[in-house]
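Each chain, written out:
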Amino acid sequence: MTDDFWNARLHVLLDGALQVWRIDAELTRDGAACVLRPTGASAPVFVRRVTHDGDAAYWTVSSESDSALAALLAQPYAGVQGMLRAVRDALDPTANTQRLVVGG
């Protein structure tokens, strides 16, 4: 599957998560990243699916617009659940801990 396919799926997933979390943020795509810009003074959050030839794909969540720098600074998340938790924490660090079940 292509990067465009995965980026489109990530966009749909994050859009749904924002609705479930009731967080007001603008969601856009910037190249290989999905960008969440929360309403208010919070910094934008960049979410990327990173792949390297032969290696397993992983997710990064950062406030860095530069993808190379973000990959160095951000903690990698092997699964969608960890990535979503990091996005939620970045967008709303004071939110109560809730369980999000991802299924389809």
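No experiment lies behind these values; they were computed from the predicted model shown. (Residues numbered from 1 in each chain as written. Predicted model: local features only at pLDDT ≥ 70, side-chain atom pairs only at ≥ 80, totals over all residues. Heavy atoms only, no water.)

Scanning the protein for helices and strands turns up three helices and five strands. Listing every helix and strand of the protein by position from the N terminus yields α-β-β-β-β-α-β-α. Within the protein, the fraction of its 104 residues that count as buried is 33%. (Helix = DSSP H or I, 4+ residues; strand = E, 2+ residues; numbered from the N terminus. Buried < 20%, exposed > 50% of the residue type's maximum accessible area, 1.4 Å probe, protein only.)

Turning next to helix α3 (residues 80-91). Compared with the 16 Å implied by 1.5 Å per residue over 12 residues, the 16 Å span of α3 between its first and last C-alpha is a close match. Every buried residue of α3 is listed here: G82, M83, L84, A86, V87, R88 and L91. (Expected span 1.5 Å × (residues − 1).)

In this section: the pairing of strand β1 (residues 25-30). Direction of pairing for β1 relative to strand β2 (residues 33-38): antiparallel, over a ladder of six bridges. Bridged to L27 within β2 is L36. Between the antiparallel neighbours β1 and β2 lie two residues, among them G31 with a positive phi of about 65 degrees. (Pairing = 2+ DSSP bridges.)

Here the focus is a nonpolar patch on the surface. Taken together, the side chains of L69, L72 and L73 define a hydrophobic patch exposed on the protein surface, amounting to about 330 Å² of accessible area. Relative to the helices and strands, L73 is located in helix α2 (residues 67-73). The exposure class assigned to L73 is exposed, which follows from its relative accessible area of 57%. (Patch = residues over 30% accessible without salt bridge, like charges linked within 9 Å, V, L, I, M, F, W, Y side chains within 5 Å. Areas by Shrake-Rupley, 256 points an atom, 1.4 Å probe, with all protein chains shown as cover. Salt bridge = Lys/Arg side-chain N within 4 Å of Asp/Glu carboxyl O.)

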